[in-house]
Amino acid sequence: MTSNSPISMTSRWISLACALGVFALLYSLTNIYAQTLFYDIQFYATQFSKLSSINSVWPKKVHILATPIDAAIPFVALMIVPYSWSIILFCASFFMVKTPAQLSLLTRKLILATLFACFIFYVFPAKFTFERPTVLGWTHYGYQFLHITDKPFNQFPSLHVTYAVLIGTSLWQLSKSALYRLTLCCICSLIIISTVLTYQHHLLDIAGGLLLAALILVITNKLRNNLVLKYLTVAISGFLILSIAGFMLNRSMTSITFAGLYHLVATYWMLSFFVLAWAYQYPNQPRDKLWFAKNEQGRLLLSTWLKFAPLLLGYRLMWYVGQRYQLTQHTKSDCGSLNHNDICPTHKIADSIYAVATPKLFGLSKMSDEHYSYFSNFATIIVIDSAVETNSHSLSLKQALHTHHTYAQAQRLGAGHLNVSNLEVNYDSSLSCDFHPSFAAFQMRYLYFPLLDLQSLREIDTQDFIHLFKQIDTLTALDIATNITKKKRPSKTILINFQCVMGLSRSVALHALYLIYRGHLTTDNYVTWINEQYPKAHINDSYLPKSLVDKVGGLAKNT
């Protein structure tokens, strides 16, 4: 989809649901928090120690931001009408923008505004000061609905004001008609003015809303992609949910220790995902290799777990559930073993060298005879690990092969029946072989090339890819020379295994780039090859851009 192509209704509804969902969840939570804190402060006004145990970290105060000028502002009941336009304009704007780029920018603006505003609502709770006069007539229903849905908290900054500015700037370019732009200005201005005339906000709230809108306009133009927004949302939303849930629980426990603990957990969650958002915003592969460090066997280091435990645990759970689901579907299909050629096509690079792209392999502790026969064709397996979120399967695969080798020896000596179940790794009969007595000399090589999930490969320096491919060539040349010296099997001796997590995007993209580097694919046929060999891989031009393919192909010719 190009930046100027039509927008599907599905995309519009999804974007609206995301923006509205973030608002509904976080605004409601922070409103309830401020209201509860306010009444707790009143109730425990003479019991400071009790109040300290309920909320020991943030200020025990709900702020009042009224100025002398606010006292002179009249209440205008009819202004509930333009005040209600805010939610209408919010929803309508997603169906008014014309291009995917406009839709993406609008969504970013509104979600970021909600996140920043709700974070401020939590750390700086405020309440409207004045009592609203009794309202009669038909406008009474509007104020009654407002009283139910929007308590007089979440004051600074005013999201009505921020939304009006952000939506107005997003819709401004849709038409050059003077009438259209005048109408848009009037609607947005009335929404802003209505916030004080309905006695819902003070003037400082308006100023805060304008400042937040200006900040969002600057930030959204600098966001690299929606993945940055995704992890900012996870960071702030998780912080608010954990903090407010902890606050509510602590009201019954009144424990200073527990209060400190939930704030620590919430802050850790937020900082962890802030660092991840920073990694997406400012891509740097050498830095990512340090931040997501692994040992020489592909195991995540303790320091990596300490930095990114929420992310790593989430991916570990998703990978396990995903593999279990695939295994269940495979069992239900009753179609026998999956064909290795369908899922993991092995490509011959040169004599004795083959390459394959796979997700992280599952169930290696129960390797079947078929899969053992496939992998034991190779004296050396070089695992290229591109997954920063999980351990590599290199060590598990090596252990599984050696364990199965031991069982196979015992079976040949009549030690009993070998009882192993199927593994979700696929077998290619064209690579089958007999039992290899020399398998004890099997070697596993490991290279770590960290790629963040869904991160476009255009953000990685082309020289980093070339350096990786030269490392692979060096290892294969070394292993071939070693095998010749030791007079090992003359063919099918080395397997290059590009590995990612659950899908195939990263591993297949690296596989394709390596084949282009080796001259086995060209810029004209690599897309067809990916579609034919890996039909389940979700790779498009935004992920693996042709410009990168051209650079790799050009550099390969010069190396």
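In this convention, every chain numbers its residues from 1, walking through the sequence in written order. In keeping with the model being predicted, local features are shown solely for residues with a pLDDT of at least 70 and side-chain atom pairs are shown and tallied solely at 80 or more, while totals for entire chains, interfaces and linings include all residues. With hydrogens and water stripped out, all remaining heavy atoms of the structure feed into the side-chain values.

Undergrad: Give me the overall build of the protein chain: which residues, what numbers.
TA: Strands here mean DSSP runs of E at least two residues long; helices mean DSSP runs of H or I at least four residues long; both are numbered from the N terminus. The helix and strand inventory of the protein chain stands at 20 helices and 7 strands. Here the protein chain, with 559 residues, has 50% of them falling under the buried criterion. Note on contacts: a residue pair qualifies if any of its non-hydrogen atoms lie within 4.5 Å across the two residues. Counting contacts in the protein chain only where the partners sit at least 6 residues apart, residues at least 24 apart contribute 83% of the total. Each residue is assigned to one of three classes by its accessible area relative to the maximum for its type, calculated with a 1.4 Å probe on protein chains only: buried under 20%, partly exposed between the two thresholds, exposed over 50%.

Undergrad: Residue-level account of the pattern of salt bridges, with values.
TA: Salt bridges are defined by distance alone: a side-chain nitrogen of Lys or Arg within 4 Å of a carboxyl oxygen of Asp or Glu. Counted by the stated rule, this structure contains 7 salt bridges. With a shortest N-O distance of 2.9 Å, Arg287 and Asp288 are connected by a salt bridge. Comparing Arg287 with Asp288, the two get one shared label, buried. In the salt-bridge network here, residues are joined through shared partners; they are Glu389, Asp453 and Arg506.

Undergrad: Run through the side chain of Gln285, naming residues and quoting values.
TA: Here Gln285 is to be found in helix 12 (residues 285-291). Setting aside its immediate chain neighbours within four residues, Gln285 contacts Phe449, Pro450, Leu451, Ile460 and Asp464.

Undergrad: Explain the pairing of strand 5 (residues 380-387) residue by residue, including any values.
TA: Burial within strand 5 is extensive, with 8 of its 8 residues counted as buried. The two faces of strand 5 match: Thr380, Ile382, Ile384 and Ser386 on one face and Ile381, Val383, Asp385 and Ala387 on the other face are all buried. Pairing between strands is defined by DSSP: at least two bridges between them are needed. Relative to strand 6 (residues 443-451), strand 5 is paired through 7 bridges, and the arrangement is parallel. Considered in strand 6, the bridge of Ile381 is made with Met444.

Undergrad: With reference to specific residues and values, describe the packing of aromatic side chains.
TA: Only Phe, Tyr and Trp rings take part, Trp by its six-membered ring, and two of them pair if their centres are within 6.5 Å. Stacked means planes under 30 degrees apart, edge-to-face means over 60, and tilted covers everything else. A full pass over the atoms with the stated rule returns 30 aromatic pairs. Centroid distance Tyr33 to Tyr122: 4.6 Å. Interplanar angle 40°. Geometry classified as tilted. Note that Tyr33 is positioned in helix 1 (residues 9-43) and Tyr122 in helix 5 (residues 100-123), a separation of 89 residues in sequence. For the pair Tyr33 and Tyr122, a shared accessibility class is recorded, and that class is buried. Relative to Phe273, the ring of Tyr231 lies with its centre 6.1 Å away and its plane at 10°, an arrangement referred to as stacked. Placement of the pair is Tyr231 in helix 10 (residues 226-253) and Phe273 in helix 11 (residues 256-281), with a sequence separation of 42 residues. Each member of the pair, Tyr231 as well as Phe273, carries the same accessibility label: buried. Three or more aromatic residues joined by ring pairs form one cluster here, namely Phe23, Tyr27, Phe90, Phe94, Phe121 and Tyr163. By definition here, charges over rings are those cases where NZ of Lys or CZ of Arg is within 6 Å of the ring centre and within 35 degrees of the ring normal. Lying across the ring of Trp291, Arg287 places its NZ or CZ 4.5 Å from the centre.

Undergrad: Could you give me a rundown of a nonpolar patch on the surface, with the residues and numbers involved?
TA: Distance thresholds for patches are 9 Å for like charges and 5 Å for nonpolar side chains (Val, Leu, Ile, Met, Phe, Trp, Tyr), applied to residues having over 30% relative accessible area and no salt bridge. Note that accessible areas follow from Shrake-Rupley with a 1.4 Å probe, and for residues the cover is restricted to the protein chains shown. Together, Val76, Leu78, Trp138 and Tyr141 give the surface a local cluster of nonpolar side chains, amounting to about 470 Å² of exposed area. Among the structural elements, Trp138 can be located in the loop between strand 2 (126-127) and helix 6 (139-149). Residue class for Trp138 comes out exposed when judged on its relative accessible area of 57%.

Undergrad: So, unusual backbone geometry: which residues are in play, and what are the values?
TA: Note the cis peptide between Phe156 and Pro157, where omega equals 0°. Examined against the element boundaries, Pro157 turns out to sit in the loop between helix 6 and helix 7 (159-172). Positive phi, close to 70°, is recorded for Leu454, a residue that is not glycine. Tracing the backbone shows Leu454 in the loop between strand 6 and helix 17 (462-485).

Undergrad: Can you lay out the packing of helix 5 against helix 10 for me, pointing to particular residues and giving the numbers?
TA: Running from amino to carboxyl end, helix 5 crosses helix 10 at an angle of 25°, the nearest separation of the two axes being 10 Å. In terms of their interaxial angle, helix 5 and helix 10 are classed as roughly parallel. Once helix 5 is placed against helix 10, the crossing between them reads as left-handed. For the pair helix 5 and helix 10, the contacting residues are Ser104, Arg108, Ile111, Leu112, Leu115, Phe116, Cys118, Phe119 and Tyr122 in the first and Asn226, Leu229, Leu232, Thr233, Ile236, Ser237, Phe239, Leu240, Ser243 and Ile244 in the second. Under this scheme, a helix contributes an axis fitted over its contacting stretch, all axes are lines through C-alpha atoms, and angles between N-to-C directions fall in the 0 to 180 degree range. Oblique is the label for any angle not under 35 degrees, not over 145, and not in the 65 to 115 range, which are roughly parallel, roughly antiparallel and roughly perpendicular in turn. Each crossing gets its handedness from the near helix: less than a right angle anticlockwise from the far helix is left-handed, clockwise is right-handed.

Undergrad: Pulling in residues and values, what's your account of the layout of surface pockets?
TA: To find leftover empty space, a probe the size of one water molecule is rolled over the atoms. Cavity means a closed set of points on a 1 Å grid over the protein atoms alone, one where a 1.4 Å probe fits but cannot get out, pocket means an open set with protein on both sides within 12 Å along at least 5 of 7 lines, and lining means a residue has an atom within 4 Å of a point. Grid points are joined across faces, edges and corners, and a volume is the space filled by probe spheres set on the points. Size it by volume and the largest pocket reaches roughly 1400 Å³. What lines the largest pocket is a set of 32 residues, among which Ser104, Arg108, Asn225, Asn226 and Ser542 lie closest to the centre. Of all the secondary structure elements, the ones that give two or more residues to the lining of the largest pocket are helix 1, helix 5 and helix 10. For the lining of the largest pocket, the element with the highest residue contribution is helix 5, accounting for 7 residues. For this scheme, ten residues count as nonpolar: Ala, Val, Leu, Ile, Met, Phe, Trp, Tyr, Cys and Pro. Four count as charged, namely Asp, Glu, Lys and Arg, and the remainder, Gly too, count as polar. Looking at side-chain class alone, the lining of the largest pocket contains 13 nonpolar, 13 polar and 6 charged residues. Along the walls of the second largest pocket sit 27 residues, with Phe145, Leu146, Thr149, Asp150 and His160 positioned nearest its centre. Counting only elements with at least two residues in the lining of the second largest pocket, the list comes to helix 1, helix 4 (80-93), helix 6 and helix 7.

Undergrad: How would you explain the packing of helix 1 against helix 4 if you had to name every residue and give the values?
TA: Closest axis-to-axis distance for the helix 1/helix 4 pair is 9 Å, and the angle between their directions is 145°. In this structure, helix 1 uses Leu16, Ala19 and Leu20 to contact helix 4, whose residues at the interface are Ile87, Phe90 and Cys91.

Undergrad: I'd like a description of helix 19 (residues 526-533), backed by residues and values.
TA: Among the residues making up helix 19, those that are buried are Tyr526, Trp529 and Ile530. In a view along the axis of helix 19, the buried residues occupy a sector of 100°, so they form one face of it. Along the arc lie the directions from the helix axis toward the C-beta atoms.

Undergrad: Go over the sheet that holds strand 6, please, and point to the residues and values.
TA: With mixed pairing, the 5 strands of this open sheet are ordered in space as 3-4-7-5-6. Lying at the two open borders of the sheet, with one neighbouring strand each, are strand 3 (347-350) and strand 6. Put simply, the sheet's adjacent strands are angled 20° from each other on average, direction ignored. Where strand 5 meets strand 7 (residues 494-499), 6 bridges bridge the pair, whose relative direction is parallel.

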